[in-house]
Amino acid sequence: MRTSLRSVRGARSALALLAAGALALSAAGCGDSGDDGGPPGGGKGASDAVRQTVRLPKLDGQKLKVTAVWTGAEQKGFTKVLEEFSRRTGAEVAYVPSGDDMSAFVGSKIAGGDPPDVAMLQQPGALREFAQKGWLKPLGSEAAAELDKNFTKGWQDLGSYEGKRYGVYFKVSNKSLVWYNTGVFEGAGAKEPKTWPEFLSTAQLIADYGIPAVSVGGADGWTLTDWFENVYLSQAGPEKYDQLAQHRIPWTDPSVKDALTALGRLFGGKGLLADGNAGSLQTQFPTSVTQTFTGGEEPKAAMVFEGDFAAANVIGAGARIGKEAKVFPFPAVGAKAPVVTGGDVGVALKDGPAAQALLTFLASPDAARVWAGQGGFLSANKNLDLAAYPDEVLRSIAGAVVAAGDGFRFDMSDLAPASFGGKPGQGEWKHLQDFLKNPGDVAGTQQKLESDAAKAFKS
């Protein structure tokens, strides 16, 4: 049974709050109650920095392997979470980066008889695939109870397969944001655009000023799927989005043509992309962000599109969010601005108390609070106090995600079978990279996408 794509109907009013300037929402916290009997902020071994709301077992002498795709700033943030877990339980935790192809990495480890204990998967499609193959262990009672307490049904459903709960969505994202260099905007006389035509006009204004408008991390194919999904959701609407996400309409549908044509106006614009189309295909996501906020008065670009997690790279570049770096919602291509979400779900690949204890911890406000304070992180945990985030912009983005409840659209490529939506060098990643190279080939791109989608969904 396919995990259902949650509707955004009825939740647009909450998510539309993102459209205000610097995304300034009230930072009213949800409050961490500690009502499960855990020792809030005290007791033997309690952290001075993280108040304890969940009880964890003692795991002295046990070893735990955890894998995720995260590198750089994200790896550092997650490592802090694992260190807190190790400090509380006594378990020895080793982090192993998987590379972009999580399915291939885990498959090879299982074939070799040594899978990691816990994996952080980026695609619901990968969770379904792993569950179908019998690789996953269902959540234990403690992890399930923590999940019930802290997450809405929509996020719980995304971590389930055929009625069994396997996953905890620990890190989520709002993938409908554009970060910009305020110095370039001020110098060019640019304003935050609200519509796609305004966005293209702003891009041209900045290019005429002498700075490429947009930095694109095309070496990482997933960034291009995010570009497409935002354009498509806004232009075609949520019902079409659901149909395409489930391959109930083909990629040769006119709605896909319209979205690729709209996106092609940016990718094909003269002087609009940092280092041009060829250079964009050689630019990885972290670099696409940092080069927008370094270089003084002559950065390589004025804007970069990606989710809230880009904040870590913005900060790493030395820019202050709300000062040198600001953010606006992805512009409306159609009647409404899009709101696309993503997320990383923790699953157990081995039985045992250590793996279940880590998932229990990840489902608690405690684990989320560790990373939230460092920036570049967003949680759907409704009991995480928004004051845990380091600045008003991130509090605003996080508050809107929590306020959305079950009303959200998940990243389309992550909902697809991994062979189509989540693998380097094939499927969506490959064909949208080819489209970035040749933005005029709309029909050819559609045909290639449909050919691979038909094979992936049939299998």
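Let me begin by describing the structure that accompanies this report. (Residues numbered from 1 in each chain as written. Predicted model: local features only at pLDDT ≥ 70, side-chain atom pairs only at ≥ 80, totals over all residues. Heavy atoms only, no water.)

### Notes on the environment of His-431
Reasoning step 1: One can find His-431 in helix α20 (residues 427–437).
Reasoning step 2: Taking the C-alpha atoms as reference, His-431 lies 6.6 Å from Leu-449; in sequence the two are 18 residues apart.
Reasoning step 3: Contact partners of His-431, with chain neighbours within four places excluded, come to Thr-445, Lys-448, Leu-449 and Asp-452.
Reasoning step 4: Within the structure, His-431 has its side chain in polar contact with the side chain of Asp-452 (distance 2.8 Å). (Helix = DSSP H or I, 4+ residues; strand = E, 2+ residues; numbered from the N terminus. Contact = heavy atoms within 4.5 Å. Polar contact = N/O pair within 3.5 Å; in protein donor to acceptor, adjacent residues only side chain to side chain.)

### Some thoughts on the side chain of Asp-308
Reasoning step 1: For Asp-308, the position within the fold is in the loop between β9 (303–305) and α14 (310–316).
Reasoning step 2: Lys-171 provides the closest opposite charge to the buried, unpaired Asp-308, separated from it by 5.4 Å.
Reasoning step 3: Excluding residues that lie within four positions of it along the chain, Asp-308 makes contacts with Val-172, Ser-173, Asn-174, Leu-177, Trp-179, Gly-376, Phe-377, Leu-378, Leu-394 and Ile-397. (Buried < 20%, exposed > 50% of the residue type's maximum accessible area, 1.4 Å probe, protein only. Lys, Arg positive; Asp, Glu negative; His and termini not counted. Salt bridge = Lys/Arg side-chain N within 4 Å of Asp/Glu carboxyl O.)

### Quick notes on the environment of Ala-310
Reasoning step 1: Its place among the elements puts Ala-310 in helix α14.
Reasoning step 2: A sequence separation of 65 residues divides Ala-310 from Gly-375, and the C-alpha atoms of the two residues are 9.2 Å apart.
Reasoning step 3: When near neighbours in sequence (up to four residues on either side) are disregarded, Ala-310 contacts Trp-179, Phe-285 and Val-289.

### Observations concerning helix α11 (residues 254–267)
Reasoning step 1: The terminal C-alpha atoms of α11 lie 20 Å apart, and with 14 residues this matches the ideal 20 Å at 1.5 Å per residue to within 8%.
Reasoning step 2: Among all positions in α11, only Ser-255, Val-256, Ala-259, Leu-260, Ala-262, Leu-263, Gly-264, Leu-266 and Phe-267 are buried. (Expected span 1.5 Å × (residues − 1).)

### Here we look at unusual backbone geometry
Trans peptide bonds make up most of the peptide bonds, and negative phi angles are found at most residues other than glycine.
Reasoning step 1: The phi torsion at His-247 lies on the positive side, around 55°, for a residue other than glycine.
Reasoning step 2: Positive phi outside glycine occurs at Asp-275, with the angle close to 65°.
Reasoning step 3: By the secondary structure assignment, Asp-275 is in the loop between α11 and α12 (276–280).

### A closer look at the nonpolar core
One broad rule of soluble globular proteins: the nonpolar side chains tend to lie buried together.
Reasoning step 1: Counting residues in hydrophobic clusters, the biggest one holds 143 residues, and the most contacted among them are Phe-78, Trp-196, Trp-227 and Met-303.
Reasoning step 2: When neighbours within four sequence positions are excluded, Met-303 is seen to be in contact with Val-178, Trp-179, Tyr-180, Phe-185, Phe-199, Ala-203, Ile-206, Ala-213, Val-214, Ser-215, Thr-292 and Phe-328. (Core = buried A, V, L, I, M, F, W, Y, C linked by side-chain atoms within 4.5 Å.)

### Here's the deal with the pattern of salt bridges
Reasoning step 1: With the rule as written, the count across this model stands at 19 salt bridges.
Reasoning step 2: With a shortest N-O distance of 3.7 Å, Glu-146 and Lys-149 are connected by a salt bridge. On the criterion of helical spacing, the pair formed by Glu-146 and Lys-149 is a turn pair, its members being three residues apart in helix α5 (residues 141–150).
Reasoning step 3: Two residues, Arg-165 and Asp-148, come together in a salt bridge whose shortest N-O distance is 2.6 Å.

### Let's talk about the pairing of strand β7 (residues 177–181)
Reasoning step 1: Across the five residues of β7, five count as buried, placing the element largely inside the fold.
Reasoning step 2: Here β7 pairs with strand β10 (residues 325–329) via five bridges, running antiparallel. Residue pairing across strands places Asn-181 opposite Ala-325, the latter belonging to β10.
Reasoning step 3: Direction of pairing for β7 relative to β9: antiparallel, over a ladder of three bridges. Within β9, the position partnered with Tyr-180 by the bridge is Met-303. (Pairing = 2+ DSSP bridges.)

### Remarks on the environment of Ile-397
Reasoning step 1: Position of Ile-397 among the secondary structure elements: in helix α17 (residues 392–403).
Reasoning step 2: By relative accessible area, Ile-397 is classed as buried at 0%.
Reasoning step 3: With 11 residues separating them along the chain, Ile-397 and Leu-386 place their C-alpha atoms 10.0 Å apart.

### Observations concerning helix α21 (residues 442–458)
Reasoning step 1: The end-to-end C-alpha separation of α21 is 24 Å, in line with the 24 Å expected for 17 residues at 1.5 Å each.
Reasoning step 2: Those residues of α21 that fall on the buried side of the exposure criterion are Val-442, Gly-444, Thr-445, Gln-446, Leu-449, Glu-450, Ala-453 and Ala-456.
Reasoning step 3: Against α11, α19 (418–421) and α20 lie the buried residues of α21.
Reasoning step 4: One side-chain oxygen at the N-terminal end of α21 lies 3.0 Å from the backbone nitrogen of Gly-444; it belongs to Asp-441.

### A word on the packing of aromatic side chains
Reasoning step 1: What the rule picks out here adds up to 28 aromatic pairs.
Reasoning step 2: Taking the centre distance of 5.9 Å and the plane angle of 70° together, the rings of Trp-227 and Phe-330 count as edge-to-face. Taken together, the residues span a long stretch of sequence, with Trp-227 in helix α9 (residues 221–236) and Phe-330 in the loop between β10 and β11 (340–348) at a distance of 103 residues. Just as Trp-227 is buried, Phe-330 falls in that class too.
Reasoning step 3: Ring plane angle 55° and centroid distance 6.3 Å describe the contact between Phe-267 and Phe-435, whose orientation is recorded as tilted. With Phe-267 in helix α11 and Phe-435 in helix α20, the pair connects residues that are 168 residues apart, well separated along the chain. Across the pair, exposure class does not vary: Phe-267 and Phe-435 are buried alike.
Reasoning step 4: Here the aromatic residues Trp-196, Phe-199, Trp-227, Phe-267, Phe-305, Phe-330 and Phe-435 are joined through ring pairs into a cluster of three or more. (Phe/Tyr/Trp six-rings, centres within 6.5 Å; stacked < 30°, edge-to-face > 60°.)

### Some remarks on the packing of α5 against helix α15 (residues 353–362)
Reasoning step 1: Between α5 and α15, whose axes approach to 8 Å, the crossing angle comes to 10°. The orientation of α5 with respect to α15, classified from their angle, is roughly parallel. Contacts between α5 and α15 involve Glu-142, Ala-143 and Glu-146 from the former and Gln-356, Leu-359 and Thr-360 from the latter.
Reasoning step 2: Residue composition of the contact of α5 with α15, grouped by class: two nonpolar, two polar and two charged. (Axes fitted to C-alpha atoms, helices over the stretch in contact; angles between N-to-C directions. Parallel < 35°, antiparallel > 145°, perpendicular 65-115°, else oblique. Nonpolar A, V, L, I, M, F, W, Y, C, P; charged D, E, K, R; others polar.)

### Details of the sheet that holds strand β8 (residues 214–215)
Reasoning step 1: Spatial ordering of the open sheet is given by β8-β9-β7-β10, a layout of four strands whose pairing is mixed. Looking at the sheet topology across the chains shown, the edges are occupied by β8 and β10.

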